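# Residue-level structure breakdown
Residues per chain are reported as follows:
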Amino acid sequence: RKIRTPRAGAIMKPAAIATPSKSVWTPRPRTASQPAEGAVLTERPREVRLRFTEAVEVRFSRIQVFRAETDPETGQLVAREQVDRGWVPGTRTGRELAVLLPEDLAPGVYLVRWVVLSVDTHITEGSFHFTYRPQPGEAPGPPAGDAAP
């Protein structure tokens, strides 16, 4: 069987390619977060929880929480040390994902970065920040309502 190859200088006609609308490639997947974007919290958060419009594949998704500081030259938040402690048990399917935060979370600004693969194969990512600022005179510690062992 002879394989046909284009001759030198031949112009190849592109095949018709169906290009989906931009909304198919860039869905708005995150509908809510806890803490909320830009929130200033006076009680230590136990976790960062994200809700999505579509179910996600946790094996191919990640949420990372970093202590952050502002770059004096650019004014942008810069991620420093990663502080999250892994997935919250039981949040590995569906439309919600959450990661645990440490019991000794220090006051400061935190940057949350996430990348998720939805079950229909869209990969999306984003970031937001929140601030943990306990009331003056209060020692950072377990969130209100936690019983001591």
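Residues numbered from 1 in each chain as written. Predicted model: local features only at pLDDT ≥ 70, side-chain atom pairs only at ≥ 80, totals over all residues. Heavy atoms only, no water.

Moving on: the overall build of the protein. Across its full length, the protein carries 1 helix and 8 strands. From first element to last, N terminus to C terminus, the protein shows the α and β order α-β-β-β-β-β-β-β-β. Taking all 149 residues of the protein together, 33% fall into the buried category. Restricting the contact set of the protein to residue pairs at least 6 apart, pairs at least 24 apart contribute 60%. Carbon and sulfur atoms form 52% of the exposed surface of the protein, whose accessible area is close to 10500 Å². (Helix = DSSP H or I, 4+ residues; strand = E, 2+ residues; numbered from the N terminus. Buried < 20%, exposed > 50% of the residue type's maximum accessible area, 1.4 Å probe, protein only. Contact = heavy atoms within 4.5 Å. Areas by Shrake-Rupley, 256 points an atom, 1.4 Å probe, with all protein chains shown as cover.)

Assignment of secondary structure puts E125 in strand β8 (residues 123–132). Counting along the chain gives 63 residues from E125 to R62, while the straight-line C-alpha distance between them is 9.4 Å. Beyond its immediate stretch of four places on either side in the chain, E125 contacts W114 and V115.

Once that is clear, we can look at the confidence of the model for the protein. The predicted coordinates ought not to be read in detail in places where the model reports low pLDDT. Of all residues in the protein, 70% attain a pLDDT of 70 or more, and the chain-wide mean is 79. When mean pLDDT is compared element by element in the protein, strand β2 (residues 40–41) scores highest at 97, while helix α1 (residues 22–25) scores lowest at 40. Counting interchain partners and residues more than four positions distant, the pLDDT-below-50 stretch residues 9–28 has 8 contacts. Across residues 144–149, where pLDDT falls below 50, the model places 4 contacts with residues more than four positions away in sequence or in other chains. (pLDDT = per-residue confidence, 0-100.)

Core analysis: the biggest nonpolar cluster contains 21 residues, and V48, V65 and F130 have the highest contact counts within it. Every element with two or more residues in this core is listed here: β3 (47–52), β4 (56–70), β6 (96–100), β7 (108–118) and β8. Setting aside anything within four residues of it in sequence, one finds F130 in contact with P35, A36, A39, L41, P45, V48, V65, L101, G108, V109, Y110 and V112. (Core = buried A, V, L, I, M, F, W, Y, C linked by side-chain atoms within 4.5 Å.)

Moving on, we come to the sheet that holds strand β5 (residues 77–82). Pairing is mixed across the open sheet formed by 5 strands, whose spatial order is β2-β8-β7-β4-β5. Strands with a single pairing partner mark the edges of an open sheet, and in this sheet they are β2 and β5. Note: β7 against β8, 10 bridges, orientation antiparallel. Pairing of V116 across the sheet is with T124, part of β8. (Pairing = 2+ DSSP bridges.)

Moving on, we come to the pairing of β8. The pairing of β2 with β8 spans 2 bridges and is parallel. Bridge pairing in β8 places V40 opposite T131. Hairpin geometry of β7 and β8 is characterised by an intervening segment of 4 residues between the two adjacent antiparallel strands and by a positive phi of about 75 degrees at T121.

Attention now moves to the pattern of salt bridges. Following the criterion strictly, the structure yields 6 salt bridges and no others. Here E69 makes a salt bridge to R80, at a shortest N to O gap of 3.2 Å. Separated by 11 residues along the polypeptide, E69 in strand β4 and R80 in strand β5 bring together distant segments of the chain. The class for R80 is partly exposed, based on a relative accessible area of 44%. Within the structure, one salt-bridge network assembled from shared partners comprises E47, R49, R51 and E96. (Salt bridge = Lys/Arg side-chain N within 4 Å of Asp/Glu carboxyl O.)

A cis amide bond links Q34 with the next residue in sequence, P35, at an omega value of 5 degrees. For P35, the position within the fold is in the loop between β1 (30–34) and β2. Within the chain, T121 stands out as a residue other than glycine whose phi angle is a positive 75 degrees. One can find T121 in the loop between β7 and β8.

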